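# Summary of structural features
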Amino acid sequence: MEVGHEVGHYRVIEHIGRGGMADVWSARDRRLNRTVAIKTIARNLASEIDPVKLFEREARTIAALEHPHILPIYDFGEHLGQLYIVMRYVSGGSVEDLLDQRGRLSIDEVLRLARPIAQALDYAHANNVIHLDLKPSNILLDSYHAPYLADFGLASVIGPEGRAANPGSGTLLYMAPEQLTAADLDRRADVFSYCVLLYHMITGQLPFDTSLPIAIKQLQEPEAELPDLAAHLAEVAPDITTILRHGTRFKLEDRAPAIMTIFNAFESAITGLRAASTASVRQSVSAAGVATQNPATRKRPDMTTDLDVDMMPTQSFDQAVFDSRVEMGKTIDLKSQPLELPSKPIAPKAPSNVPKAKPSPNTTYPLPGGSAVPADEDAQTINFGTAKFGTAPVIAAQPTAELDSAVRAAPAAPALPADVDPAARAEAILIYTQARRAWANGQGRFLIGLTPFMLIHDFYSRAGEYALELDDAGRQMFLRGALEYDFEVEFWWAQLNDENRRWVALHTLRSQNPPAQIRALRHICVLDDAETPQIPKALASLIRNETNDEVRREAIRTLEARGQVSVIRTPLQVRLDEPETTRGACWNALAFSPEIDMTLGRAALDAGDPETAEIAARAIGRIRSSVAVNQIGQHDQSPEQRAAARRALALIRDEAPMLPTEVQPRERFAAWLTNTVRRVRHQPSDALVRFLLATLGAWIGMAVYIWIVTPALPFLDPNRIGLTISVGLSFAVFFGLQVVLASELPGRLRGFWRWWGRGIAAFGIGLVIATFSWAAFTWLYLQYPPEGNIVAVGIGTALALAISVMIRLPAWVNVLLLTAGLFIPIQDAWTNQRPPILYVQPDQDAALIFLIVLLIISIGAYAPQLWALGTRAAQRTRSKRR
């Protein structure tokens, strides 16, 4: 699978992740107009892994689980022999990304993430599914940092006996020891991994510093335990270490029986720690004589539950309580009550015997502004945190009053179409709000990845339909993203006026993305400038400072387009390739400003980048800036600089009818001569092709003539074959040279030499070669001495070629013109009974023979042009049929 591929009605956007057995791509669901994630099997898997069975099991497993914190799947199928799963796309990265960014998470963050993860696992366990690959990279986050349990590729279904088959693989750093040794597993394997995950989130490190995974350590030493958390964080309650150790015991009968057993104990330990801390603060404040009734001292702002200041400190954790919950050799009962702790001050909870309805995967909680986020039974806060958008740089969008108010002010969701996910709309609102606030501070860089950008485009391109607020600043951001990713550029360009377009385009020019810069340059090519010009200055700065050659060249072309002199020419002048009406003074003192014009002049002298130097020199010739030419023609130059200057002046002269009067006559002549030689020598392969085709056409024409006028000779008579090879080929070679020297090379001087200069050169060269070739043919084949009529044939041939060089005519007209130039003098000589140029039998139609032969010769002379004409006609025909 590659970017841009169509997989059914999904169009692949970008590669966003890779695991041990799968690749993940973002894609556009064109049918439902939403952004999704597509998971495909990674290539080169080990031979013992059955990828088809793996994917089918994962698809069926997730399809049977409906929980707001289990990543849902939308589709499953096969494309070109490759299986794929289509899932919901979430844009916040993973817990692994958070750990990479922060090192460790705060207790608040750990508790906020641990709750829905435990709920999702508990729900899966209640449905007889164990995950068996729980790790930070398999816990994905949306823009609100709500977690989603993903990647059920190793999940196994528990049978009636309470055991499940061991899939035989997993992630060693997090897996339980029995996954390495046992044939059957139960829910306690996930309990083990969950505790290792909590340890990693709290400390930012894996047990034993990852040098020896705990599972391997326990296989060697069954009594081995997780390290004490106090070694990393002194402020963590000692009870938490005991809880995590109980969930990672080597012996299954000693291990905690259920995920919620661990989480409830973990939450209670944290609650008790905070209560103790609050009571200690209260006592200190009272001792200092501060009034205890001040509302500000009643609650700590970082508490996740409402705790009264009179709560008592926590007591030590009783390990025996764990042991009393598990009996040796019995099946684990997942419906057991949460772990009972010694009396601790905790916030009131609903009675545990009141059943809770399982939330639907589409259940949402309303935000204050009316938008929604996925439901979480016990969720209390929405953490905006730091969002990682795809592969783009991270937007450090920390919670602020401005951001919070923007999201809370989001309009209420209207009656959405059935195919629109309210949670996706809410996520789009959050990404848009964060991105809109951050993008203008990027100093030219666009900080949103392609996939999140397309996600918010799906909604905000139809802002009216979805009752979303979109102001000019938002439209600017979308145009900036469109230029960045070449996605819907024209749509967002049309949404803004010239002032906003100009601002966004200039912002894009400061980016480090050459394709985006080039797209911006092409769009501002003819954009109206501000009252105080800004665009030429920005372009000149880009020419001076940009390191990417393609961007520099495009900046020069754009500057040229904005300053090019407009010349009105008559149709005849166009045919003659005359550059201007008069050859008077055509140079301006300045095209833009001295600084900008001199920047172009310096670019034209860049010996290190000849292609850019040529583009700059030609641009100077078209905008007609005398200041730029003077910059090139400075007198105090080294020999290398003088050579570069002469080359630049020659290219400038190629675009202008003359150089400014300030340029010395010697330099003028050198520029004219250099450019003439350069044009004539340009693309020698084209001249060779024209010579070969003209030679072939003339040889075929003469061979036809020889075989027609010698009917009495046997078909393979040696004399006939000898004449065809010797006389016919000799004539053909001379004719090929005539076409190249009198037509191809003078034709390359169009737009540089005047029409009459090209005509004189073509006629003179053509007359000499044509006269010589026809004289040689008469003398060698007919064995008559050349006479005056040979000159007439030479004049006709040379005149026909010269006309095609002076005036642009269609290729078929040039063929007819050359045929006429040859036929008229030859037919005249034959009709007036002059010494024959071509011998024809008395009973043959001489005129018809001449026409056939000369038409073949003329077609060969213009074969490349005829081929190009036929190709264009075929393309137009195909376009009309479409």
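The text that follows walks through the structure, step by step, so that each part is easy to find.

Parameters at a glance
Residues numbered from 1 in each chain as written. Predicted model: local features only at pLDDT ≥ 70, side-chain atom pairs only at ≥ 80, totals over all residues. Heavy atoms only, no water. Helix = DSSP H or I, 4+ residues; strand = E, 2+ residues; numbered from the N terminus. Buried < 20%, exposed > 50% of the residue type's maximum accessible area, 1.4 Å probe, protein only. Contact = heavy atoms within 4.5 Å. Areas by Shrake-Rupley, 256 points an atom, 1.4 Å probe, with all protein chains shown as cover. Axes fitted to C-alpha atoms, helices over the stretch in contact; angles between N-to-C directions. Parallel < 35°, antiparallel > 145°, perpendicular 65-115°, else oblique. Left-handed = near helix turned anticlockwise from the far one by under 90°. Nonpolar A, V, L, I, M, F, W, Y, C, P; charged D, E, K, R; others polar. Core = buried A, V, L, I, M, F, W, Y, C linked by side-chain atoms within 4.5 Å. Phe/Tyr/Trp six-rings, centres within 6.5 Å; stacked < 30°, edge-to-face > 60°. Salt bridge = Lys/Arg side-chain N within 4 Å of Asp/Glu carboxyl O. Pairing = 2+ DSSP bridges. Polar contact = N/O pair within 3.5 Å; in protein donor to acceptor, adjacent residues only side chain to side chain.

### Remarks on the overall build of the protein chain
Looking only at helices and strands, the protein chain features 31 helices and 14 strands. Across the 882 residues in the protein chain, those meeting the buried criterion constitute 49%. Within the protein chain, counting contacts between residues at least 6 apart in sequence, those at least 24 apart form 68% of the total. Counting every atom, the protein chain has about 40400 Å² of accessible surface; 56% of that belongs to carbon and sulfur.

### Regarding the packing of helix α20 (residues 594–604) against helix α21 (residues 610–623)
Contact geometry for α20 and α21: axes closest at 7 Å, N-to-C directions at 140°. Between α20 and α21, the angle is such that the two are oblique. As α20 packs across α21, the resulting crossing turns out to be left-handed. Between α20, through L600, G601, A603 and A604, and α21, the contact on the second element is made entirely by T612, A613, A616, A617, I620 and I623. The class makeup of the residues in the contact of α20 with α21 is 8 nonpolar, 2 polar and no charged.

### What about the nonpolar core?
Counting 145 residues, the largest nonpolar core has Y194 and I240 as its most contacted members. When residues in this core are grouped by element, the largest group, 11 residues, is from helix α5 (residues 188–203). Residues contacting Y194, with those up to four places away along its chain left out, are A114, I117, A118, L121, L134, I259, I262 and F263. Membership of the second largest hydrophobic core comes to 35 residues, among which are V709, L822, A846 and A861.

### So, unusual backbone geometry
For D151, which is not glycine, the phi torsion reads 60° and is therefore positive. When its relative accessible area of 24% is taken as the criterion, D151 is described as partly exposed. The phi angle at E488 is positive, at roughly 55°, despite the residue not being glycine. Tracing the backbone through its elements, the reader meets E488 in the loop between α13 (472–485) and α14 (489–493).

### Focus: the packing of aromatic side chains
In the structure shown here, the tally under the stated rule is 17 aromatic pairs. Aromatic side chains F453 and F478 sit 5.8 Å apart centroid to centroid with 50° between the ring planes, which places their arrangement in the tilted category. Here F478 lies in helix α13 and F453 lies in helix α12 (residues 450–460), a separation of 25 residues in the sequence. Pair check on accessibility: F453 and F478 agree, each one buried. Ring geometry for F453 and Y485: centres 6.0 Å apart, planes at 45°, overall tilted. With a gap of 32 residues between them, F453 in helix α12 and Y485 in helix α13 connect regions that are remote in the sequence. You can call Y485 partly exposed: its relative accessible area is 24%.

### Some thoughts on the pattern of salt bridges
Pairing is possible between side chains that carry opposite charge, provided their charged atoms lie close to one another. Throughout the structure, instances matching the rule amount to 38 salt bridges. For R553, the salt bridge is made with E611, and the minimal N-O distance between the two is 3.3 Å. In this pair, R553 is assigned in helix α18 (residues 549–563) and E611 in helix α21, connecting sequence segments 58 residues apart. Relative accessible area serves as the criterion here: at 7%, R553 is assigned to the buried category. Looking at E611, the relative accessible area reads 42%, which means it is partly exposed. Residue R622 pairs with E560 through a salt bridge whose shortest N-O separation is 3.1 Å. Here the residue R622 occupies a position in helix α21, and E560 occupies one in helix α18, the gap between them amounting to 62 residues. A relative accessible area of 10% places E560 in the buried class.

### Let's talk about the pairing of strand β3 (residues 22–29)
Of all 8 residues in β3, 7 are buried, a share of seventy percent or more. Pairing of strand β2 (residues 10–18) with β3 involves 7 bridges; the strand directions are antiparallel. Following the sheet pairing, R11 is matched in β3 by R28. Here β3 folds back onto strand β4 (residues 34–41) in antiparallel fashion, the turn holding 4 residues, of which N33 has a positive phi close to 55°.

### Quick look at the side chain of D29
Within the secondary structure layout, D29 lies in strand β3. In this structure the side chain of D29 is engaged in a polar contact, spanning 3.1 Å, whose partner is the backbone nitrogen of R31. Once you skip the residues sitting within four places of it in the chain, D29 turns out to touch H9, Y10, R34 and V36.

### Looking at the pairing of strand β6 (residues 82–88)
Burial runs high along β6: 7 of the 7 residues are buried. Sheet topology places β4 next to β6; 5 bridges connect them, and they run antiparallel. Residue T40 lies in a different strand from β6, and its bridge partner there is Y84. The sheet contact formed by strand β5 (residues 73–79) and β6 spans 6 bridges and is antiparallel. Each residue of the ladder has a partner; that of D75, found in β6, is V86. Between the end of β5 and the start of β6, which pair antiparallel, lie 2 residues, with L80 showing a positive phi angle near 50°.

### Digging into the environment of M702
Relative to the helices and strands, M702 is located in helix α25 (residues 684–709). Taking the C-alpha atoms as reference points, M702 and T724, separated by 22 residues in sequence, lie 7.3 Å from one another. Residues in contact with M702, not counting those within four places in the same chain, are G728, F731, W774 and F777.

### What to know about the side chain of T819
For T819, the position within the fold is in helix α29 (residues 811–831). From its side chain, T819 meets the backbone oxygen of V815 in a polar contact 2.8 Å long. For T819, the residues in contact, after removing those within four places along its chain, are L851, L854, L855 and S858.

### Notes on the environment of P825
By the element assignment, P825 lies in helix α29. Distance from P825 to T797, taken between C-alpha atoms, is 9.4 Å for residues 28 residues apart in sequence. What P825 contacts, discounting residues up to four positions off in sequence, is A792, V793 and A820.

### Structural notes on the sheet that holds strand β1 (residues 6–7)
The strand order across the open sheet built from 6 strands is β1-β2-β3-β4-β6-β5, with neighbouring strands paired in antiparallel fashion. Two strands lie at the open edges of the sheet, namely β1 and β5, each paired on one side alone. Its contacts with the sheet put α12 on β2, β3 and β4, and the angle it makes with β2 is roughly 140°.

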